[in-house]
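Structure assessment
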Amino acid sequence: MAYIIDGKKISKEIKDELKEKVAVFKAQGKAACLAVIQVGEDPASSVYVNNKKKACEYIGIDSLSVQFPPNVTEAELLGKIEELNRDEKVNGILVQLPLPKHIDEDKVIKTIMPEKDVDGFHPQSVGALSIGQKGFVSCTPAGVIELLERSGIEIEGKECVVMGRSNIVGKPMAMLLLRENGTVTITHSKTANIKEITKRADILVVAVGKPKMVDSSYVKEGAVVIDVGIHRDQNNKLCGDVDYADVEPHVQAITPVPGGVGPMTIAMLMKNCVSSME
Ligand code: GUN
């Protein structure tokens, strides 16, 4: 039986630690505020945005909601970000992605000042991570590192394979595993002989965005498997990028979906907000 890495429990521990920290700050008269901008009313985005606001409330961080209609102009959105950049009460700014096609996402990300970039998406934050300097780290990959550390899984010296090369997960994930002294390989849709590579992994992080793509033929016996995906299957049940039922009997440890990586993303966002305040 694999050890099931309980992201729900670990994220709760982190949020409780942050809550204590924020209470100490509050006693000193300091407050934290996260501005959350949503464009349009995509139902999935609304769920994420609401969960972020709820987490803020739990920890004691103020949240400032900015809701734009889907036809908001790019200039209007950038103007709002600039206003929030200048607002001293606001410690963190988050623009929920994806954005409508007429808005340049890169421009939006670059407009958020790096000191308030709690998503860790700004090129300066990404660059800082790759050269080992201080800066905000993308929340999902940061959450994966916390899951491994708090489950007593050592990264140093391990063969780590990251499946997927997105800017938000795959690339920063590889950088973080490297920072922890793992030996890191990234695979992607054009990788030849992919299973030969993934089967070398002591730690396999799967962020391919394809439901149940990774079955046991991709995985070494006794590996640790982290599933970043979240989808609905044919029966409308949540599932990940990993075929959990097929893989679980072969591995040392695995994250479930739901209740694995998902809750960690918000916990790490809250952690970034608290460090922004510090
Ligand atoms: N959309 C999906 N995931 C994320 C995230 O982590 N941050 C933002 N801003 N948008 C997202």
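This text goes with the structure placed above it.
Quick look at the structure, then. (Residues numbered from 1 in each chain as written. Predicted model: local features only at pLDDT ≥ 70, side-chain atom pairs only at ≥ 80, totals over all residues. Heavy atoms only, no water.)

**Overview of the overall build of the protein chain**
The following threshold applies: Per the convention used, a helix needs a DSSP run of H or I reaching at least four residues, while a strand needs a run of E reaching at least two, with both numbered from the N terminus. C-alpha atoms define the radius of gyration in this analysis, and the globule rule sets the expected value at 2.2 Å times the number of residues to the power 0.38. When a residue's accessible area, from a 1.4 Å probe over protein chains only, is under 20% of the maximum for its type it is buried; when over 50% it is exposed; and in between it is partly exposed.
A tally of helices and strands in the protein chain yields ten helices and eleven strands. Computed over its C-alpha atoms, the radius of gyration of the protein chain comes to 19 Å, within 12% of the 19 Å expected for a compact globule of 278 residues. Seen through its C-alpha atoms, the protein chain measures out along the principal axes to roughly 50 × 45 × 40 Å. Taking all 278 residues of the protein chain together, the buried fraction comes to 49%.

**A short note on the packing of aromatic side chains**
We apply this condition: Geometry of aromatic contacts follows a simple scheme: Phe, Tyr and Trp rings, the Trp one being its six-membered ring, pair when their centres are within 6.5 Å, and the pair is stacked under 30 degrees between planes, edge-to-face over 60, tilted otherwise. Two conditions define a charge located above a ring, namely a distance within 6 Å from the ring centre to NZ of Lys or CZ of Arg, and an angle within 35 degrees of the ring normal.
The final tally for this structure, using the stated rule, is zero aromatic pairs. Across from the ring centre of Tyr58, 4.1 Å away, lies the NZ or CZ of Lys19, which sits over that ring. Directly above the aromatic system of Tyr218 lies the positively charged group of Lys195, at a separation of 4.9 Å from the ring centroid.

**Quick word on the site of the ligand**
Just so we agree on the cut-off: Working definition: residue near molecule or strand if any one of its non-hydrogen atoms lies within 4 Å of it. N or O atoms closer than or at 3.5 Å make up a polar contact, with two conditions inside protein: a donor-capable atom paired with an acceptor-capable one, and, for residues adjacent in sequence, both atoms drawn from side chains. Accessibility throughout is a Shrake-Rupley quantity obtained with a 1.4 Å probe, and a residue counts as covered only by protein chains that appear here. As a working rule, the residues Ala, Val, Leu, Ile, Met, Phe, Trp, Tyr, Cys and Pro are called nonpolar, Asp, Glu, Lys and Arg charged, and the rest polar, with Gly in that last group.
Taken together, Lys52, Leu94, Val95, Gln96, Leu97, Asp119 and Phe121 form the complete shell of residues around the ligand. Contacts to the ligand include Asp119, whose side-chain N or O atom sits 2.6 Å from a nitrogen atom. Across the complex, the protein chains shield 79% of the 280 Å² of accessible surface that the ligand would expose by itself. By residue class, the composition of the shell around the ligand is four nonpolar, one polar and two charged.

**Considering the packing of helix 6 (residues 139-150) against helix 10 (residues 262-277)**
As a reminder, the rule being used: Fitted lines through C-alpha atoms give the axes, limited to the stretch in contact for helices. The angle between two N-to-C directions lies from 0 to 180 degrees. When an angle is under 35 degrees it counts as roughly parallel; over 145 it counts as roughly antiparallel; between 65 and 115 it counts as roughly perpendicular; any other value is oblique. The criterion used for residue contact is that any of the two residues' heavy atoms lie within 4.5 Å.
Interhelical geometry of helix 6 versus helix 10 gives an angle of 100° and a closest axis separation of 8 Å. Comparing their axes, helix 10 and helix 6 come out roughly perpendicular. Contacts from Cys139, Thr140, Ala142, Gly143, Glu146 and Leu147 of helix 6 reach helix 10 at Met264, Thr265, Met268, Leu269, Lys271 and Asn272. Here the residues of the contact of helix 6 with helix 10 sort into six nonpolar, four polar and two charged.

**Notes on unusual backbone geometry**
Where the residue is not glycine, phi is negative for most of them; where a peptide bond is considered, it is trans in most cases. The step from Leu97 to Pro98 runs through a cis peptide bond, and the omega angle for that step is 0°. The topology assignment puts Pro98 in the loop between strand 4 (92-95) and helix 4 (105-111). The omega angle of the peptide bond from Val257 to Pro258 is 0°, so this bond is cis rather than trans. Positionally, Pro258 belongs in the loop between strand 11 (253-254) and helix 10. Of note, the phi angle at Asn181 is positive, near 70°, even though the residue is not glycine. Locating Asn181 in the fold gives a position in the loop between helix 7 (170-179) and strand 6 (183-187). Among the residues examined, Asn181 registers a relative accessible area of 45% and is labelled partly exposed. The backbone of Asn193 sits at a positive phi, close to 50°, despite the residue not being glycine. Assignment of secondary structure puts Asn193 in the loop between strand 6 and helix 8 (194-198).

Worth remembering: the numbers are spatial, not functional.
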